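# Results of the structural survey
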Amino acid sequence: MPDEEYAEHRVRKRIKETKRKARPELEGGLWTYMNYAKTFDLRTKTVHDTIERIDARSVSLEVFREKFEKLYKPVVIEHATDCWKAHQKWTPEKLTRRFRNQRFKCGEDNDGYSVKIKMKYYVSYMNNNNDDSPLYIFDSSYGEHPKKMKLLDDYEIPSYFQEDLFQYSGEKRRPPYRWFVMGPARSGTGIHIDPLGTSAWNSLLIGHKRWCLFPTNTPKDMLKVTRAEGGKNSDEAITWFHIVYPRTQQPDWPQEYKPLEILQKPGDTVFVPGGWWHVVLNLDTSIAVTQNFASSVNFPIVWHKTVRGRPKLSKKWYQVLREKRPEMAAMADKVNPQQETGFASDSSSGSSSSSSSSCDSCSASDNDDSGQESFQEHKKKRYFTEHRSHSRSRSHTPKRPKSQTNDS
């Protein structure tokens, strides 16, 4: 076998192995069953951008906090990443050269262990696939890896989000909080609320992302795709946009639950306040960095959910706060964990969450809130999000969509 042919064979083999580990339920042609590569409209002009935008060069931290963070109001921030080296260094070609043999997380197996793939194989897959919902790099460990941590040198946290109260819980103890995110068209993050009441920022370097955000009191059963509807891809972003999004545009969809829609472009930073439902779909090859955070603004909600969902963590955190940030410890003393916050939690019944709360209790209150909205019970791991739910249905096959023209 010629060297070039052998190399191509090895790439295909590695990709096949990775897909089998990450999504074993899609064996037998189900990766492309819905034919979304040919039927789903990914054109940017179909996105109705309804979000407010601000310029980081002219809006101060104080104004941002008063008009957006304190009001829990989503916003797109422009020019927050102008000085980032990542704009030049984070292309698929350059990342392949820099991190060719480094392994990045793109999923989890059925036992909860990370499924990783070398960058060189992933870029080949990213450029040559027709999967309905492709593998998606969502790596939270790059900051602790001796080689991958070089990514940290390519960007800096936007000025609005530099307060980081979780640092006082200890770097080893704190839950994962930052991710390097990379994926092709049709990959994305299913509908969810970020855990522990944290807010998030997401800065895009390459490509375009389509977002829908819903207020925290939106009933969960209005937003989630059922297994009967979505089958083995019911948790995927593209399934959500195919099944649920059209409903949100109908006259009978309640006005109070109308989505905020975003077309995120290179250089845009999306601010997602805690408690907001959101779903994200990549319209083309996209590379981004995202981080969840606890600040002095959202601390009361984060503390409430941490005490209930991570009691051991909260005790250690409190001890350090008393020494380093006594005003935050004093604020924590005033929080009553038994009272409801009014912030929804993305906790689901079944294997997709460690919380046993029902959809009714998730929709608008903290009843039975574990604070572990996106944690899988059998994995005993804790994750923050733009992340994916990896529980998969093993029954029901959805109907294929009718073919349509895609001029993207």
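## Comments concerning helix H12 (residues 311–324)
- Look at H12: 20 Å from first C-alpha to last across 14 residues, which is about the 20 Å you get at 1.5 Å a residue.
- Among the residues of H12, Leu-313, Ser-314, Trp-317 and Leu-321 are the ones counted as buried. The buried residues of H12 occupy an angular sector of 90° when projected down its axis, which confines them to one face. Relative to its buried face, H12 has exposed residues pointing more than 90 degrees away, namely Lys-312, Lys-315, Gln-319, Arg-322 and Glu-323.

## Section: the pairing of strand S8 (residues 199–206)
- S8 sits mainly inside the fold: seven of its eight residues count as buried.
- Judged from the seven bridges that link them, S8 and strand S13 (residues 286–293) form a sheet pairing that is antiparallel. Its bridge partner lying in S13, Asn-202 is registered against Thr-290.

## Digging into the nonpolar core
- Core analysis: the largest hydrophobic core is formed by 42 residues, its most contacted members being Phe-64, Ile-77, Trp-90, Leu-95, Met-119, Phe-180 and Met-182.
- Per-element tally for this core: the top contributor is helix H6 (residues 119–127), with six residues.
- Apart from residues lying up to four places away in sequence, Phe-180 is in contact with Trp-90, Leu-95, Phe-104, Met-119, Ile-137, Phe-138, Asp-139, Tyr-142, Leu-151, Ile-287 and Ala-288.
- Counting 28 residues, the second largest nonpolar core, distinct from the first, contains Ala-185, Trp-253, Val-279 and Ala-344.

## Focus: the sheet that holds strand S5 (residues 137–139)
- The strand order across the open sheet formed by seven strands is S1-S2-S11-S8-S13-S6-S5, and the pairing between neighbours is mixed. Looking at strand neighbours, the two that pair on one side only are strand S1 (53–55) and S5, the edges of this open sheet. With direction set aside, neighbouring strand axes in the sheet form an average angle of 20°.
- In the sheet, strand S6 (residues 178–183) pairs with S13 via six bridges, with the strands oriented antiparallel. Residue Arg-178 lies in a different strand from S13, and its bridge partner there is Gln-291.
- The strands that H6 touches are S5 and S6; relative to S6, the one it contacts most, it runs at about 45°.

Rules used throughout
Residues numbered from 1 in each chain as written. Predicted model: local features only at pLDDT ≥ 70, side-chain atom pairs only at ≥ 80, totals over all residues. Heavy atoms only, no water. Helix = DSSP H or I, 4+ residues; strand = E, 2+ residues; numbered from the N terminus. Expected span 1.5 Å × (residues − 1). Buried < 20%, exposed > 50% of the residue type's maximum accessible area, 1.4 Å probe, protein only. Arc of directions from axis to C-beta. Pairing = 2+ DSSP bridges. Core = buried A, V, L, I, M, F, W, Y, C linked by side-chain atoms within 4.5 Å. Contact = heavy atoms within 4.5 Å. Axes fitted to C-alpha atoms, helices over the stretch in contact; angles between N-to-C directions.

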